[in-house]
Amino acid sequence: MFTRRGLMLTSAALAGLPAVAHAAADPVKVAPFPLEAVTLMPSVWRDAVDANGHYLLSLEPDRLLHNFHKSAGLAPKGDIYGGWENMGIAGHSLGHYLTALGLAYAQTRDPAYKAKLDYTVSEMAIIQKAHGDGYIGGTTVERDGKLQDGKIVYEEVRKHVITSHGFDLNGGWVPLYTWHKVHAGLLDAHRYANNGQALKIAIGMSDYLIGVLGDLSDEEMQKVLAAEHGGLNETYAEMYVRTGDKRYLDTARRIYHKAVLTPLAQRRDELEGKHANTQIPKLIGLARLYEVTGDKAYGDTASYFWDRVIHHHSYVIGGNSAGEHFGAPDKLSGRLDDKTCESCNTYNMLKLTRHLYQWQPDAAWFDYYERAHLNHILAHQDPQTGAFVYFVPLASGSQRLYSTPDTSFWCCVGSGMESHAKHGDSIWWRQAGGGDTVYANLFIPSELSWTDKATKIALSGDILKGEPVTFTVTPQGTADFTLAIRVPKWADGPRLSVNGKNTPLLVKNGYVRVRRAWKAGDTVVLTLPHALKVETMPDNPRLAAFIKGPMVMAGDMGPAQGDVPQAPVVVAASALGAVDRGSLTLNAQPQALQLVPFFNQYHRRTAVYFPLFTEAQWQVEKAAYEEAEADRVALNWRTIDIMRLGEMQPERDHAFATDISEPSSRLGRSGRWLMWTTGKYFEFDLAVEAQTVLQVTYWGQDIRRNFDITVDGVLLTNEKLDYPSEAQFRVVDYAVPAAMTAGKDKVRVRFTTRGSGLDVFEVRSLRPEKAQA
Ligand SMILES: [Zn+2]
């Protein structure tokens, strides 16, 4: 319930942060300097912040609030945006937008951000008041073909009505994910822009949702949590920290999705086949709960998850997932496509890394952080336009696909608004609760203003160009402290000098420490030479990527427009042996390639992983390899559309509908299972051309079935799958008669049972084979 008592109890908390001290056994040893203390100097990171700021200021709060006004019975003040904003989850962008405005304000002190933020929050207060019960939201849900306000889903859950076809909650597309974004945005508006009204609204929201979830049985709660719910546990933990209201802590503990978190707590990696970014925020929530409660089990679960994802599920750029899903541990070489590395995942893994580093301040955490922050997050935004990519594709020859300013609003646009508003947030750290050690973890040109010590520390030098990093210290008078500088693992023979004198470089926990009574003009210079190195896939030592210093290098395959070139291979005794060190030319087949930093290939086709053959191997394998490569290129060329069953985003994009099927999985590949029934179905839209072949992927042991495939209601085939049983995927092609596609650019494909079960993994629409020539 949204009670007055709740508000009064917590009103004292509105004045400042935090209201609750940390747990007795406080695990937090170090803390980042606040963003306000860090000024970014010219660099690629500052460019990203500037481009993002431009985008943030171009967005209109009234448009992001369109559904919120409508939901409360108020007149909208702007048109709804397109893309995901107009697909049932309006509000997720608003939440990210609030966080991003807060971060951008803290990062730059530009009052334009705060003005937008304060306006947005003031409108939200009006909207929440109009609802009268603490609810605020912009989600919608379809009922009997009609679009309804999404509040109905919450009121149904309150009455113990909970259903799902796999990813939805009562037909709503991840409403609690959206809820979490709005909630987190308000908390960040409070934190970064000191907006007390935002915390009041967050309290109303928190209490409303407690009213909805509070009476559910544990079993019902788990059903609700089966749908993606972001970091809802984290925001409730944070509500407790801000207000001291123990109900919020109890709720944070209850938002514990057992199906995912119990195996992790027992140190079992069952991530294969799971939607990656649905899980990561749950672990960030546990990390926060550890900090708040001191309950080590939460921290251990978060640490175990981090280790599994980073060391067993991540690609060389620090990103994870293909088609948004985790695969089998250490089996990455077969998962390189145009949908690797969803950007939200790395945004969240970096957040989780910050928590783990705070408990154990070892520079090694930042070897990962820097790798992903530079090679994935910077690759996620086009600094010319401020547009974002959803995936950072690692398949050879792939290019990046960017958002539009007002018709995309994917999750990765939202997380992108945040990621690129805060590039100063993890450079400078200090001991929690004071102390006199300052840690420099990232080499991003910036100036730290350390008020406790009345000292400024400037960090300059472009490490991407191989320049030394210079720290210039400017105290008022003198200041005693230790400057602890991370010595990255990639540095090839690092050197240190203090005030021009070479100094022995002693590294402990990844840091070199310089302690002295600092005077104005003191300088420390750290030289970090680059070396060219190779990293191979855990499951394939003959699939190699190149690293130079902190940068993942890519083969430049030409402009993003135009045909996909053949994927390059390296025929040499070793990968490094194929590179000319002076010009960074890679002697690849079918042609030599220039190695360039991967992150800034914004509009180029690239190759990151190179298959490696010795001369002898290539003689044996060349024909088979080239045939497989030709097949891959041909299939790409023939593909009109791909529907991956059992994956949330493809199902959403293809207007998937079903009466009874469930997500399934085989060898880590997602599918849809229709149980043994008659007349049950799933269906979806699929793009077609005049001449179309439907290619369906089944499991080869699912034989002698009986089901219909229809196209726009007309029977295409009654299928029996009558072939020898084999334990592998089986692809079947169906030519679609031209009459079924005449004059259409998409059709509705439906699978209907006729007395047996059915598992389908992928359906492609293809151009006919002969058209290839
Ligand atoms: Zn995303």
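Residues numbered from 1 in each chain as written. Predicted model: local features only at pLDDT ≥ 70, side-chain atom pairs only at ≥ 80, totals over all residues. Heavy atoms only, no water.

In the nomenclature of an unreviewed UniProt entry, the protein corresponds to Tat twin-arginine translocation pathway signal sequence domain protein from the organism Asticcacaulis biprosthecium C19.

Asks: Looking at this model, I keep getting lost on the overall build of the protein. Mind explaining?
Replies: Along its length, the protein carries 21 helices and 37 strands. What you see for the protein is a C-alpha radius of gyration of 27 Å, in line with the 28 Å of a compact globule of 773 residues. Overall size of the protein, expressed as C-alpha extent along the three principal axes, is 85 × 75 × 45 Å. Looking at the protein residue by residue over its 773 residues, the buried ones come to 59%. Considering only contacts within the protein whose residues lie at least 6 apart along the sequence, 72% involve residues at least 24 apart. Counting every atom, the protein has about 29,400 Å² of accessible surface; 51% of that belongs to carbon and sulfur. (Helix = DSSP H or I, 4+ residues; strand = E, 2+ residues; numbered from the N terminus. Rg over C-alpha atoms; globule rule 2.2 N^0.38 Å. Buried < 20%, exposed > 50% of the residue type's maximum accessible area, 1.4 Å probe, protein only. Contact = heavy atoms within 4.5 Å. Areas by Shrake-Rupley, 256 points an atom, 1.4 Å probe, with all protein chains shown as cover.)

Asks: How do you make sense of a negative patch on the surface when you look at a structure like this?
Replies: A surface patch of negative charge is lined by E627, D631, D733 and E769. Considering the arrangement of structural elements, one finds D631 in helix α19 (residues 615–638). (Patch = residues over 30% accessible without salt bridge, like charges linked within 9 Å, V, L, I, M, F, W, Y side chains within 5 Å. Salt bridge = Lys/Arg side-chain N within 4 Å of Asp/Glu carboxyl O. Lys, Arg positive; Asp, Glu negative; His and termini not counted. Charge placed at Lys NZ, Arg CZ, Asp CG, Glu CD.)

Asks: Mind showing me how you'd approach helix α11 (residues 232–243) here?
Replies: In an α-helix, one turn spans 3.6 residues, which is why side chains three or four residues apart end up on the same side. Its 12 residues place the ends of α11 16 Å apart at the C-alpha level, agreeing with the 16 Å of an ideal helix rising 1.5 Å per residue. With 12 of 12 residues buried, α11 is to be regarded as a mostly interior element. Taken together, the buried positions of α11 are L232, N233, E234, T235, Y236, A237, E238, M239, Y240, V241, R242 and T243. Residue G244 follows α11 closely and has a positive phi angle near 80 degrees. (Expected span 1.5 Å × (residues − 1).)

Asks: For this particular structure, what's the right way to read the sheet that holds strand β37 (residues 762–766)?
Replies: One key point about sheets: their strands pair by backbone hydrogen bonds, in either a parallel or an antiparallel sense. An order of β28-β37-β32-β35 is seen for the 4 strands of this open sheet, with the pairing classed as antiparallel. The open sheet is flanked by β28 (639–644) and β35 (729–736), the only strands paired with a single partner. Recorded for the sheet is a direction-independent mean angle of 20 degrees between the axes of neighbouring strands. Bridge count between strand β32 (residues 692–699) and β37: 5 bridges; the pairing is antiparallel. Paired with L694 across the strands is S765, a residue of β37. Each of β28, β32 and β37 is contacted by α19, which is oriented at about 90 degrees to β28, the strand it contacts most. (Pairing = 2+ DSSP bridges. Axes fitted to C-alpha atoms, helices over the stretch in contact; angles between N-to-C directions.)

Asks: Would you mind going over the environment of H380 with me for this structure?
Replies: Counting through the fold element by element, H380 comes out in the loop between α17 (364–377) and α18 (411–419). A relative accessible area of 0% places H380 in the buried class. In this structure the C-alpha to C-alpha distance between H380 and Y609, which are 229 residues apart in sequence, comes to 19 Å. Those residues in contact with H380 that lie beyond four places of it in its chain are S343, A387, F388, V389, C412, S415, G416 and H420.

Asks: Would you take a moment to explain the packing of aromatic side chains for this structure?
Replies: Any two aromatic rings considered together are summarised by their centre-to-centre distance and by the angle between their planes. Applying the stated criterion to the full structure yields 37 aromatic pairs. Ring centres of F33 and W450 lie 5.8 Å apart, and the angle between their planes is 80 degrees; this geometry places the pair in the edge-to-face category. Taken together, the residues span a long stretch of sequence, with F33 in the loop between β1 (30–32) and β2 (38–40) and W450 in strand β9 (residues 446–450) at a distance of 417 residues. According to the relative accessible area criterion, W450 is buried, its value standing at 2%. Considering the side-chain rings of F613 and Y625, the 5.5 Å spacing of their centres and the 75 degrees angle between planes classify their relative orientation as edge-to-face. Highlighted residues: F613 in strand β27 (residues 610–613) and Y625 in helix α19, separated in sequence by 12 residues. Relative accessible area serves as the criterion here: at 4%, F613 is assigned to the buried category. Every member of this aromatic cluster is reached through a ring pair, and the members are F656, F682, F684, Y698, F707 and F751. R400 extends its terminal NZ or CZ atom over the ring of F598, reaching a point 4.5 Å from the ring centre. (Phe/Tyr/Trp six-rings, centres within 6.5 Å; stacked < 30°, edge-to-face > 60°. Lys NZ or Arg CZ within 6 Å of the ring centre and 35° of its normal.)

Asks: What exactly am I supposed to notice about helix α16 (residues 343–359) here?
Replies: For α16, which comprises 17 residues, the first-to-last C-alpha distance of 25 Å matches the rise-based estimate of 24 Å (1.5 Å per residue) to within 8%. Taking burial as the measure, the 17 residues of α16 include 16 buried ones, the bulk of the element.

Asks: Sorry, what's going on with the pairing of strand β33 (residues 707–711) here?
Replies: Each regular strand carries side chains that alternate between the two faces of the sheet. Most of β33 sits out of view: 5 of its 5 residues are buried. Burial along β33 is two-sided: F707, I709 and V711 and D708 and T710, pointing in opposite directions, are all buried. Bridging between β33 and strand β34 (residues 714–719) involves 5 bridges; their strand directions are antiparallel. Paired with I709 across the strands is T717, a residue of β34. Where β33 folds back on β34, the antiparallel hairpin that results is connected by 2 residues, among which D712 adopts a positive phi of roughly 50 degrees. Pairing of β33 with strand β36 (residues 746–760), which is carried by 5 bridges, proceeds in the antiparallel orientation.

Asks: Could you clarify how one ought to interpret empty space enclosed by the protein in this entry?
Replies: Rolled over the atoms, a probe as big as a water molecule pinpoints where empty space is left. Inspection of every chain in the model, using the stated rule, returns 7 cavities of 30 Å³ or more. The computed volume of the largest cavity comes to approximately 80 Å³. Lining the largest cavity we find 14 residues, and of these W84, Y177, E228, C411 and M648 sit closest to its centre. Along the lines of polarity and charge, the residues of the lining of the largest cavity split into 8 nonpolar, 3 polar and 3 charged. I136, G137, G138, T178 and W179 are, among the 13 residues lining the second largest cavity, the residues nearest its centre. With 4 residues, helix α8 (residues 175–193) is the largest single contributor of residues to the lining of the second largest cavity. Its residues assigned to classes, the lining of the second largest cavity shows 9 nonpolar, 4 polar and no charged. (1 Å grid on protein atoms, 1.4 Å probe; cavity = no way out; pocket = protein on both sides within 12 Å on 5 of 7 lines; lining within 4 Å. Points joined across faces, edges and corners; volume = space filled by probe spheres on them. Nonpolar A, V, L, I, M, F, W, Y, C, P; charged D, E, K, R; others polar.)

Asks: It is not clear to me how the nonpolar core should be interpreted in this structure. Could you clarify?
Replies: In summary, soluble globular proteins display a tendency toward joint burial of nonpolar side chains. F305, M417, W428 and F471 are the most contacted members of the largest nonpolar core, which totals 206 residues. Ranked by residue count, the leading element in this core is helix α9 (residues 196–213), at 11 residues. Once you skip the residues sitting within four places of it in the chain, W428 turns out to touch P32, F33, V38, V438, Y439, A440, S446, L448, I457, L459, F471 and L483. F684, V696, V711 and L758 belong to the second-largest nonpolar core, a separate cluster that totals 28 residues. (Core = buried A, V, L, I, M, F, W, Y, C linked by side-chain atoms within 4.5 Å.)

Asks: Sorry if this is basic, but what is going on with the confidence of the model for the protein here?
Replies: Do not read the fine detail of predicted coordinates wherever pLDDT is low. When pLDDT is averaged along the protein, the result is 93, and 96% of the positions lie at 70 or above. Throughout residues 1–19 the model reports pLDDT below 50, and contacts reaching past four residues in sequence, or to other chains, amount to 32 contacts. (pLDDT = per-residue confidence, 0-100.)

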